[in-house]
Amino acid sequence: SGYFSPIIMAYAIGLMLATIAVYLMKRGQPALLYIVPLTLCTMVLKGSINNELRDLWKGPGILVISEEVMPELDIDHNFA
């Protein structure tokens, strides 16, 4: 039910795809071109399956609680 294992697997697959692309094209390829979409899509898919996508987008609940306790501070920690 965690995110670590699926994202590590997506990272490894993205790295393998980058290596295969280098081998097939005989030119250097940016590995992040393959790694980032796979890891991001894996996280979004896992979050939507677990109904946690909103929590992933909004961040930890402790930030919401801190905004309720100290409403005079905005997101940049400047006084309102």
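Whatever comes next refers back to the structure up there.
Reading guide: rules and limits
Residue numbers run consecutively from 1 along every chain, following the written order of its sequence. Where totals are concerned, whole chains, interfaces and linings use all residues; where local detail is concerned, this predicted model gives features only for residues with pLDDT of at least 70, and gives and counts side-chain atom pairs only at 80 or more. Where side-chain values are given, they derive from all heavy atoms of the structure, hydrogens and water being excluded. Only runs of H or I of at least four residues qualify as helices and only runs of E of at least two qualify as strands under DSSP, and these elements are numbered from the N terminus. A helix's residues, less one, multiplied by 1.5 Å, set its expected span. Think of it in three bands: residues with accessible area under 20% of the maximum for their type are buried, residues over 50% are exposed, and the middle band is partly exposed, with areas taken using a 1.4 Å probe on protein chains only. Contacts are assigned to residue pairs that have any heavy atoms within 4.5 Å of one another.

*Asks:* Give me helix 2 (residues 32-49): which residues, what numbers.
*Replies:* Taking 1.5 Å as the rise per residue, helix 2 with 18 residues should run 26 Å; its terminal C-alpha atoms sit 25 Å apart, in good agreement. Buried residues of helix 2: Tyr34, Ile35, Thr39, Thr42, Lys46 and Gly47, and no others. Buried residues belonging to helix 2 abut helix 1 (4-25) and helix 3 (53-58). The first or second residue beyond helix 2 is asparagine 51, which carries a positive phi of 55 degrees.

*Asks:* Mind laying out helix 1, listing which residues take part and the relevant values?
*Replies:* Two residues of an α-helix separated by three or four positions point the same way, owing to the 3.6 residues in each turn. Here helix 1 contains 22 residues, and its C-alpha end-to-end distance of 31 Å stays within 8% of the 32 Å for a straight helix at 1.5 Å per residue. Residues of helix 1 that are buried make contact with helix 2. Looking at the residues trailing helix 1, positive phi occurs at lysine 26, about 60 degrees.

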